[in-house]
Amino acid sequence: QIANAHTIFNVANTFIFIGFTTLIARLVEWLVPDKPLSEEQVIKPKYLDEDLLSTPSLALDMVRREIRRMGNQVHEMLAAVMPAILTGNEAKLLEIQEVDERVDTLHAEIVVYLGKVSGMELREKQSRELVQLMDAVNDLENIGDVIEMNLVELGLRRIDKGVAVSRATQVVLSDFHHVVLDAVSAAIESVADDDADAAASVINMKKEIKRASNSTAAHEARRLVANEPNRIEAYTIEMDITEKLQRIYYFARRMARTVTDTKEGR
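Read on for a plain summary of the structure. Bear in mind the structure is a predicted one, so any value in this text is a computation, not a measurement.

Cut-offs used in this document
- Residues numbered from 1 in each chain as written.
- Predicted model: local features only at pLDDT ≥ 70, side-chain atom pairs only at ≥ 80, totals over all residues.
- Heavy atoms only, no water.
- Helix = DSSP H or I, 4+ residues; strand = E, 2+ residues; numbered from the N terminus.
- Buried < 20%, exposed > 50% of the residue type's maximum accessible area, 1.4 Å probe, protein only.
- Contact = heavy atoms within 4.5 Å.
- Areas by Shrake-Rupley, 256 points an atom, 1.4 Å probe, with all protein chains shown as cover.
- Axes fitted to C-alpha atoms, helices over the stretch in contact; angles between N-to-C directions.
- Parallel < 35°, antiparallel > 145°, perpendicular 65-115°, else oblique.
- Left-handed = near helix turned anticlockwise from the far one by under 90°.
- Nonpolar A, V, L, I, M, F, W, Y, C, P; charged D, E, K, R; others polar.
- Patch = residues over 30% accessible without salt bridge, like charges linked within 9 Å, V, L, I, M, F, W, Y side chains within 5 Å.
- Salt bridge = Lys/Arg side-chain N within 4 Å of Asp/Glu carboxyl O.
- Expected span 1.5 Å × (residues − 1).
- Bend = angle between axes of the 7 residues up to and from the residue.
- Lys, Arg positive; Asp, Glu negative; His and termini not counted.
- Core = buried A, V, L, I, M, F, W, Y, C linked by side-chain atoms within 4.5 Å.
- Polar contact = N/O pair within 3.5 Å; in protein donor to acceptor, adjacent residues only side chain to side chain.

### Some points on the overall build of the protein
Part 1: The secondary structure content of the protein amounts to nine helices and zero strands.
Part 2: Listing the helices and strands of the protein from first to last along the sequence gives α-α-α-α-α-α-α-α-α.
Part 3: Expressed as a percentage of its 266 residues, the buried residues of the protein come to 40%.
Part 4: Intrachain contacts of the protein at a sequence separation of at least 6 include 82% that bridge at least 24 residues.
Part 5: As displayed, the protein has an accessible area near 14900 Å², and 54% of this comes from carbon and sulfur atoms.

Structure below.
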């Protein structure tokens, strides 16, 4: 009798409340609302309009705008990574890796969109422009990968090995970092605005980058004999940072080259 009563009670409750399911669901949604996802959490293309594919010139202009958005993400990563490498903690470094996920998302969307544009009837100039933008967005994604996979890893290694970067070395590396940051910023501008002058400024920074690299190497050579713990490990990490910054400039220069080569009809 107890079991039967229990069953009847539960069945009755079910039939009574089933009519109020919608109201109860709305009450729960009101009490615990969903938090809207910010652009930092979920990012999607803003300018890649499918309706513009029939007008390739407009579609390619929209790609440039989207590349600027992607470039802003990469620039954010690059600006934050050096302080995080030199003095930051693991959380700061992992935040930078999260930004690269947004970069990868935009890269994939831009490449797919350009693939759709390539299926349209294009004039010769538009075909060259499409190839230029494809190359540029790939170079930009490569910069993000160097930051996410190489520079962040060096920062994590610095923490794991207990390496303390000297104040003098921080200044030298930061100076080099600022030069590369300027180059990447100008490269993004050159592609987004189709600006040959900005592209030329990036290409002409090659000597400045070389001087900054040589200055860093000379500083590291002098510091190699310093009587400090983990000096060899610190030297290795610091020289690896220099090499990765040079690598980033290489991709920035390639981005700029896509602009100047297109202007020259190559």
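### Examining the packing of helix 5 (residues 124-160) against helix 6 (residues 167-192)
Part 1: Contact geometry of helix 5 with helix 6 gives a least axis separation of 11 Å together with a crossing angle of 155°. Accordingly, the angle class assigned to the pair helix 5 and helix 6 is roughly antiparallel. Judged by the twist between their axes, the crossing of helix 5 over helix 6 is left-handed. Within the contact between the two elements, helix 5 uses Q132, L133, A136, L140 and I143 and helix 6 uses V184, I188 and V191.
Part 2: Taken together, the residues of the contact of helix 5 with helix 6 sort by class into seven nonpolar, one polar and no charged.

### Concerning unusual backbone geometry
Part 1: Phi angles above zero are rare outside glycine, and D194 is one such case at about 50°.
Part 2: Within the secondary structure layout, D194 lies in the loop between helix 6 and helix 7 (196-203).

### Regarding a nonpolar patch on the surface
Part 1: A cluster of nonpolar side chains, contributed by L224, V225 and I232, occupies part of the molecular surface with about 300 Å² of accessible area.
Part 2: You can see I232 is positioned in helix 9 (residues 231-263).

### As for the environment of I96
Part 1: Relative to the helices and strands, I96 is located in helix 4 (residues 90-118).
Part 2: Taking the C-alpha atoms as reference points, I96 and L78, separated by 18 residues in sequence, lie 8.7 Å from one another.
Part 3: Sequence-distant contacts of I96, that is, excluding residues within four places in its chain, are made with M77, A80, V81, A84, I147 and V152.

### Concerning helix 5
Part 1: Between its first and last C-alpha, helix 5 extends 53 Å over 37 residues, near the 54 Å set by a 1.5 Å rise per residue.
Part 2: In helix 5, a bend of some 30° at I147 exceeds every other bend along the element.
Part 3: Two residues or fewer after helix 5 comes G162, characterised by a positive phi angle close to 65°.

### Some points on the side chain of E220
Part 1: Here E220 lies in helix 8 (residues 206-223).
Part 2: For the buried E220, which has no salt bridge, the nearest side chain bearing the opposite charge is R231, at an N-O separation of 4.4 Å.
Part 3: Excluding residues within four positions of it along the chain, E220 makes contact with T169, R231, Y235, E238 and M239.

### Thoughts on the nonpolar core
Part 1: I143, I147, I241 and I248 are the most contacted members of the largest nonpolar core, which has 66 residues in total.
Part 2: Sorting the residues of this core by element identifies helix 3 (56-87), helix 4, helix 5, helix 6, helix 7, helix 8 and helix 9 as the ones contributing at least two each.
Part 3: The greatest single-element share of this core, amounting to 13 residues, is contributed by helix 3.
Part 4: Not counting the four nearest positions on each side in its chain, I143 is found in contact with V74, V184, I248, F251, A252 and M255.

### Here we look at the pattern of salt bridges
Part 1: Within the structure shown, the criterion is met by 12 salt bridges.
Part 2: As a salt-bridge pair, E129 and R64 come within 3.0 Å of each other at their nearest N and O atoms. Of the two residues, E129 sits in helix 5 while R64 sits in helix 3, which places them 65 residues apart along the sequence. As far as the burial class goes, E129 and R64 line up, both buried.
Part 3: The closest approach of N and O atoms between E124 and R128, which form a salt bridge, is 3.4 Å.

### Side note on the side chain of H177
Part 1: Mapped onto the secondary structure, H177 falls in helix 6.
Part 2: Within the local environment of H177, its side chain forms a polar contact with the backbone oxygen of L78, the two atoms lying 2.6 Å apart.
Part 3: Look past the residues within four positions of H177 in its chain and what remains in contact with it is L78, A79, M82 and L245.

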